[in-house]
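These are the residues of each chain, in order.
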Amino acid sequence: MKTQLVESIRQRIRAQGPQSFAWFMQQALYHPEHGYYASGRCAIGRAGDYFTNVSVGPVFGHLLAAQFLEIWEQLEKIDDFTIVEQGAHDGQFACDVLEFVQKRAPAFFAALRYQIVEPFPCLRERQRQTLEAFRHKVEWREAPQTFTGVHFSTELLDAMPVRLINRGTGRLVGLDGDKFVFVELPVQKAIFNQAAIGWIDEIAANLRRGYVITIDYGYSDEGSGNRVQIRSRHRNLDSPFEQIGEADITMRVDWNSIARRAEANGLHVAGFTDQHHFLSGIIAGLDCGDCDRFLMPLSPQAKRELQTLLHPEMLGRAFQVLALTKNVGPEARQLAGFKFAREPRSVLNLDDSLQ
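Residues numbered from 1 in each chain as written. Predicted model: local features only at pLDDT ≥ 70, side-chain atom pairs only at ≥ 80, totals over all residues. Heavy atoms only, no water.

Draft legend 1. Main features of the sheet that holds strand β13 (residues 248-250). Spatially, β12-β11-β13 is the arrangement adopted by the three strands of the open sheet, whose pairing is antiparallel. At either end of the open sheet lies a strand with only one pairing partner, and these are β12 (235-236) and β13. Pairing geometry for strand β11 (residues 229-232) and β12, over two bridges, is antiparallel. In the strand pairing of β12, S232 is matched with R235. (Pairing = 2+ DSSP bridges. Helix = DSSP H or I, 4+ residues; strand = E, 2+ residues; numbered from the N terminus.)

What follows is the structure, encoded as structure tokens:
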């Protein structure tokens, strides 16, 4: 394989020696010109590389809109409420939320602003096209800024660069001739998911008051991490060195380290559960009038979407949902999405000392 991206990676390794897998992953996914995400090459859906909650259909956005509405009500229906989305891809989730809120909750629609954090120009342009009807509601930022409301992301953390470290040994990316290989070397104490830890630091610093809701696939049992996953055209590739810059690279999220870092930054863990229970809780929290506004009547297509999102053998158990709060107050009631959740501190092992 010989592309500009591959050759630039080879040149770095030849000049400086083996590089961390985090650096390699950063280049493969986020190189400004040739990275899988940054170039806009990432394809989602039936004709793409993988499915997401958003690509299933608009029902996902509708249910999250109901959860955002509840958060707005918990914040006393403030008139400067902001939904911040990061990892928005083509803007379809934002469009699903805004279209639905505009029709079904006009007072909430009038109060909210939608902000997309997107550093890559090609994706910003794609999002602007999708959201043309809401151009006066949506604004773009290259990095998070101070806000009150809710920060939302789905499948953002799993694509953040990680180091491959096991018991003091790091797997670095080296070369054998022109062939990429793993090189095992001793490493000093290092955080394997520094990018994700830095992300929660940044969000905590910018959230004045409100919630952080992130949905991803990960693990909460100590030592239950998984190897890196590489996806292209709905199949798993054997090596991250296949189709560099043209395939997705992800790793399951270590929810314990994220939650502990959040609490160290003054955030409070408000809920943790799988997607099946989260979406079921939102639905159960709707009264009859809200069901009419948010769900009824369900078309056959919408019923199929809901089944895909909820079914334990589809997306219902594959994804987990973590909610964090700041300056909301202990008197705030539990969000509907966590109605059926277990106590998050026990699930996430948060009774241990912060790390």
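Right, picking up where we left off after that structure.
Draft legend 2. Geometry of the sheet that holds strand β5 (residues 147-154). Read across the open sheet, the seven strands follow the order β4-β3-β2-β5-β9-β16-β15; overall the sheet is mixed. Each having just a single partner strand, β4 (138-141) and β15 (268-274) make up the two edges of the open sheet. Each neighbouring strand pair of the sheet contributes to a mean axis angle of 20°, computed without reference to strand direction. The sheet strands contacting helix α9 (residues 255-264) are β9 (207-216), β15 and β16 (320-326), and the helix crosses β16 at an angle near 5°. (Axes fitted to C-alpha atoms, helices over the stretch in contact; angles between N-to-C directions. Contact = heavy atoms within 4.5 Å.)

Draft legend 3. Spatial organisation of unusual backbone geometry. Of note, the phi angle at R167 is positive, near 50°, even though the residue is not glycine. The phi angle at N349 is positive, at roughly 55°, despite the residue not being glycine. Relative to the assigned elements, N349 resides in the segment after α13 (344-347).

Draft legend 4. Highlighting the pairing of β9. In terms of burial, β9 is largely enclosed, as eight of its ten residues are buried. As judged from the eight bridges shared by β5 and β9, these two strands associate in the parallel manner. Residue pairing across strands places V150 opposite Y211, the latter belonging to β9. Relative to β16, β9 is paired through seven bridges, and the arrangement is antiparallel. Residue D216 lies in a different strand from β16, and its bridge partner there is Q320. (Buried < 20%, exposed > 50% of the residue type's maximum accessible area, 1.4 Å probe, protein only.)

On their own, these measurements won't tell you what the molecule is for.
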